[in-house]
Amino acid sequence: MITVVLLPGMDGTGMLFADFEAELGSAVSIRRFSFPNDRALSYAALESWLEGQLPQAQPYVLLGESFSGPLAISLAAKRPPGLKGVILCCSFAQSPMPPARRLAGLVKWMPLPVLPGEFVLFSGFPDAQRRVAFRRALGESTAAILAARLAEVLRVDVRAKLARMSVPLFYLRGKRDWLIPRKEADRIARLHQATTIHDIDAPHMLLQMAPQMAAKAVLRFVGTLNQSN
């Protein structure tokens, strides 16, 4: 059985995967990571922290949600044993906000992180319950840690690593994602030919707002990996 390794978005907690995990059911094994919330870690530090904790004795896929997409790419570029595929959800290989890159060094010094508003993340979907869950997850980290993660996003560029990946890539793209431009998925596909893009009618918070459709798509992708072995 393939293990789906879940790497969380900006909140870093993994708490927001709950509904998606429930929809995946018992068809796959699930390993959910939560990032350390007592200190700010760069992408490089998070990569080192994760590397020794990945499955060793069974096949697995990496799912990088939003912030964690570059992490999944960087780990996959090392071609670890057992890795069968990568899934990116509303994510990127290079900062999706090029004009703001010059602010990367300043963001971490701001008293509060400049995070996209809920209206943008949920694309106006009036879902109070999920918004409360989102705020609760963000509350698990300090403002300084969230700001440091945002600074990492503003300067990240793992396009060269993407080109070194040897496993299939499955990209979940939200049709109503107001944060990550649609062209980001197309750019990734140009750099990594073994890429499949799957559009879902959902906002940036795709796994939270459309967990059933996302789970079905992921299970189909995992099924193709099983057939290829």
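See the structure printed just above.
Treat the numbers as computed from the prediction; the structure is a model and nothing was measured.

Caption draft 1: Highlighting the nonpolar core. Counting residues in hydrophobic clusters, the biggest one holds 44 residues, and the most contacted among them are Leu7, Leu62, Val86, Leu88, Met165 and Leu169. Those residues in contact with Leu169 that lie beyond four places of it in its chain are Val86, Leu88, Leu162, Ile188, His192, Ala194, Thr195 and Thr196. Val28, Phe170, Ala202 and Phe221 belong to the second-largest nonpolar core, a separate cluster that totals 26 residues.

Caption draft 2: Representation of the environment of Ser66 in the model. Tracing the backbone shows Ser66 in the loop between β3 (60-65) and α3 (69-77). Remark: the alpha-carbon pair of Ser66 and Cys90, spanning 24 residues in sequence, is separated by 5.2 Å. When residues no more than four places from it in sequence are discounted, the contact partners of Ser66 are Cys89, Cys90, Ser91, Phe92 and His204.

Caption draft 3: The state of the cysteines, seen in detail. For the coordinates displayed, the defined rule picks out 0 disulfides. Cys90 supplies the cysteine sulfur nearest to Cys89, a cysteine that is in no disulfide, at a spacing of 4.2 Å. Note on Cys89: relative accessible area 1%, which makes it buried. Residue Cys90 is classed as buried on the basis of its relative accessible area of 1%.

Caption draft 4: Looking closely at the pairing of strand β2 (residues 29-32). Examined bridge by bridge, strand β1 (residues 3-7) and β2 share 4 bridges and lie parallel to one another. By the bridge assignment, Thr3 is partnered in β2 with Ser29. What joins β1 to β2 is helix α1 (residues 18-24), and the crossover it makes is right-handed.

What counts, and at which threshold
Residues numbered from 1 in each chain as written. Predicted model: local features only at pLDDT ≥ 70, side-chain atom pairs only at ≥ 80, totals over all residues. Heavy atoms only, no water. Core = buried A, V, L, I, M, F, W, Y, C linked by side-chain atoms within 4.5 Å. Buried < 20%, exposed > 50% of the residue type's maximum accessible area, 1.4 Å probe, protein only. Contact = heavy atoms within 4.5 Å. Helix = DSSP H or I, 4+ residues; strand = E, 2+ residues; numbered from the N terminus. Disulfide = S-S within 2.5 Å. Pairing = 2+ DSSP bridges. Right-handed = clockwise from strand over helix to strand, strands pointing away.

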